[in-house]
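# A closer look at the structure
Chain by chain, the residues run as shown.
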Amino acid sequence: QVQLVESGGGLVQAGGSLRLSCAASGGIFKINAMGWYRQAPGKQRELVAIIISGTRTNYADSVKGRFIISRDNAENTVYLQMNSLKPEDTAVYYCNIDDSVTGTYWGQGTQVTVSS
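Please read all numbers here as calculations on a predicted model, not as lab measurements. (Residues numbered from 1 in each chain as written. Predicted model: local features only at pLDDT ≥ 70, side-chain atom pairs only at ≥ 80, totals over all residues. Heavy atoms only, no water.)

## A word on the state of the cysteines
Applying the stated criterion across every chain yields a total of one disulfide. The partner cysteine of Cys-22 in its disulfide is Cys-95, sulfur to sulfur 2.1 Å. Looking along the S-S bond of the Cys-22-Cys-95 disulfide, the torsion reads about -75 degrees, which is the left-handed sense. Note that Cys-22 is positioned in strand 3 (residues 18-25) and Cys-95 in strand 9 (residues 91-99), a separation of 73 residues in sequence. (Disulfide = S-S within 2.5 Å. Helix = DSSP H or I, 4+ residues; strand = E, 2+ residues; numbered from the N terminus.)

This is how it looks when you write it as structure tokens:
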């Protein structure tokens, strides 16, 4: 049973920074991709950043230059460093892992609130 445990969300003022973490455990065989998505109230869930095969990264245009995704392969952990946060970054952030053997998994979500 794969478990994803997220941490690092919270309340921050505009211009501030937060770092999200997501640790995967149990039933992990071969991670193809690890990513972060977010969902704001009344909006669809959207991709924020993804790291594929441990090296290739993609970012939503809205976060390019401000957010950095990274991965610790030994710990099966993915991080999202969020800098220069804006009120429009306010959302629930979800970790996602795609294991090429066992499937796709989601974290429970962590709230990020950016005040103006």
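So that's the structure; there's more coming.
## A short note on the pairing of strand 10 (residues 103-106)
Consecutive residues of a regular strand have side chains that alternate between opposite faces of the sheet. In terms of strand pairing, strand 9 meets strand 10 through four bridges, oriented antiparallel. Note on strand 10: the bridge partner recorded for Ile-97 is Tyr-105. Linking strand 9 back to strand 10 in an antiparallel pair, the connection comprises three residues. (Pairing = 2+ DSSP bridges.)

## Side note on unusual backbone geometry
You will see that Asn-76, though not glycine, has its phi angle at about 50 degrees, which is positive. Positionally, Asn-76 belongs in the loop between strand 7 (67-72) and strand 8 (77-82). Unlike most non-glycine residues, Ser-84 shows phi in positive territory, near 50 degrees. Within the secondary structure, Ser-84 is located in the loop between strand 8 and strand 9.

## Considerations on the nonpolar core
Ranked by size, the top nonpolar core spans 28 residues in total, and within it Trp-36, Val-48, Phe-67, Val-78, Leu-80, Met-82 and Tyr-93 carry the most contacts. Secondary-structure elements contributing two or more residues to this core are strand 3, strand 4 (31-39), strand 5 (46-52), strand 7, strand 8, strand 9 and strand 11 (110-115). (Core = buried A, V, L, I, M, F, W, Y, C linked by side-chain atoms within 4.5 Å. Buried < 20%, exposed > 50% of the residue type's maximum accessible area, 1.4 Å probe, protein only.)

## Notes on the pattern of salt bridges
For the structure shown, the criterion picks out four salt bridges. Between Asp-89 and Arg-38 there is a salt bridge, and its shortest N-O distance comes to 3.0 Å. Here Asp-89, found in the loop between strand 8 and strand 9, pairs with Arg-38, found in strand 4; they are 51 residues apart in sequence, far enough to count as distant. Residue Arg-38 is classed as buried on the basis of its relative accessible area of 6%. The residue Asp-89 makes a salt bridge to Arg-66 at a minimum N-O spacing of 2.7 Å. Of the two residues, Asp-89 sits in the loop between strand 8 and strand 9 while Arg-66 sits in the loop between strand 6 (56-59) and strand 7, which places them 23 residues apart along the sequence. With a relative accessible area of 1%, Asp-89 lands in the buried category. Where salt bridges share partners, they join Arg-38, Glu-46, Arg-66 and Asp-89 into one cluster. (Salt bridge = Lys/Arg side-chain N within 4 Å of Asp/Glu carboxyl O.)

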